[in-house]
Amino acid sequence: MRFVAAAAAQVGPGASLFGLMAALLVDVVKERQLLKAPGRELFKVLSVLLIALFIGCLPFIDNFAHVGGFVMGLLSSVLFVPYIGQSLAGVNEEGTQFSREEKRWFRIYHIGSMIVAFLAIIAFFLLFFLLFYNVQPTCKNWSYFNCIPLTPSLCSDLVTDVSTRTCHVCRST
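The structure presented is a predicted model; accordingly, all values stated were derived computationally and were not measured. (Residues numbered from 1 in each chain as written. Predicted model: local features only at pLDDT ≥ 70, side-chain atom pairs only at ≥ 80, totals over all residues. Heavy atoms only, no water.)

A. Fine view of the confidence of the model for the protein chain. Looking at the protein chain as a whole, the pLDDT averages 75, with 70% of positions reaching at least 70. Across the protein chain, helix α2 (residues 38-55) holds the top mean pLDDT of 92, while strand β1 (residues 160-161) sits lowest at 43. Per-residue pLDDT stays below 50 along residues 1-8; that stretch engages in 19 contacts with residues further than four places along the chain or on separate chains. Note on residues 160-173: pLDDT under 50 across the span, and 29 contacts to partners over four residues away in sequence or across chains. (pLDDT = per-residue confidence, 0-100. Helix = DSSP H or I, 4+ residues; strand = E, 2+ residues; numbered from the N terminus. Contact = heavy atoms within 4.5 Å.)

B. The arrangement of the packing of helix α1 (residues 14-30) against α2 in detail. At a minimum axis distance of 10 Å, the contact between α1 and α2 shows a crossing angle of 160 degrees. Classed by the angle they form, the pair α1 and α2 counts as roughly antiparallel. Where α1 crosses over α2, the two elements pack in a sense that is left-handed. The residues of α2 that touch α1, namely those facing Phe 18, Met 21, Leu 24, Leu 25, Val 28 and Val 29, are Pro 38, Glu 41, Leu 42, Val 45, Leu 46, Val 48, Leu 49, Ala 52 and Leu 53. Grouping the amino acids of the contact of α1 with α2 by side-chain chemistry returns 14 nonpolar, no polar and one charged. (Axes fitted to C-alpha atoms, helices over the stretch in contact; angles between N-to-C directions. Parallel < 35°, antiparallel > 145°, perpendicular 65-115°, else oblique. Left-handed = near helix turned anticlockwise from the far one by under 90°. Nonpolar A, V, L, I, M, F, W, Y, C, P; charged D, E, K, R; others polar.)

C. Spatial organisation of the environment of Ile 115. Inspection of the secondary structure assignment puts Ile 115 in helix α5 (residues 100-134). Residues Ile 115 and Leu 79 lie 36 residues apart in sequence; the distance between their C-alpha atoms is 7.7 Å.

D. Seen up close, the packing of aromatic side chains. Tallied over the entire structure, the rule returns two aromatic pairs. With centroids separated by 5.7 Å and ring planes inclined at 35 degrees, the aromatic side chains of Phe 124 and Phe 128 adopt a geometry described as tilted. With Phe 124 and Phe 128 both in helix α5, this residue pair falls four residues apart, about one helical turn. Judged by relative accessible area, which is 29%, Phe 128 ranks as partly exposed. Here Phe 125 and Phe 129 contribute two aromatic rings whose centre-to-centre distance is 6.3 Å and whose plane-to-plane angle is 25 degrees, an arrangement assigned as stacked. Of this pair, Phe 125 and Phe 129 both sit in helix α5, four residues apart, roughly one helical turn. (Phe/Tyr/Trp six-rings, centres within 6.5 Å; stacked < 30°, edge-to-face > 60°. Buried < 20%, exposed > 50% of the residue type's maximum accessible area, 1.4 Å probe, protein only.)

Written as structure tokens, this is what we have:
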């Protein structure tokens, strides 16, 4: 969903960087048994994500693109990032070999998560495509997700009218 005017330029690698952060998050979660301090690594990744989302509330930075990049990066990394840890080596977290049944269930889980991620990628792509071209948002509360008006004139050059809490692109002419 876009909440910016056609004249407001919004460029940059934000969505792709959020997609990479999502891939890093999935990698930290998948391979937590290989990390010395997985909780600390997870805290670092989540901290950077929250700071970047807060920075996205400044004018001319599109947080909706960031969230879309994060969702697609999350699903893509579930689909494409392999399990490289002890799971593929056939060793569980206790250090014992997987039984034949455990290997079978792990394979079913892995292939099932890949299929679900692939279908979700297609569904989200179609949903975002349709929302981008067909839906005119009401912008009542969502406008603050892209720009927090810390001063009365901070978001006035963007599309958010702070006094009426509506978007310029949403108003009928």
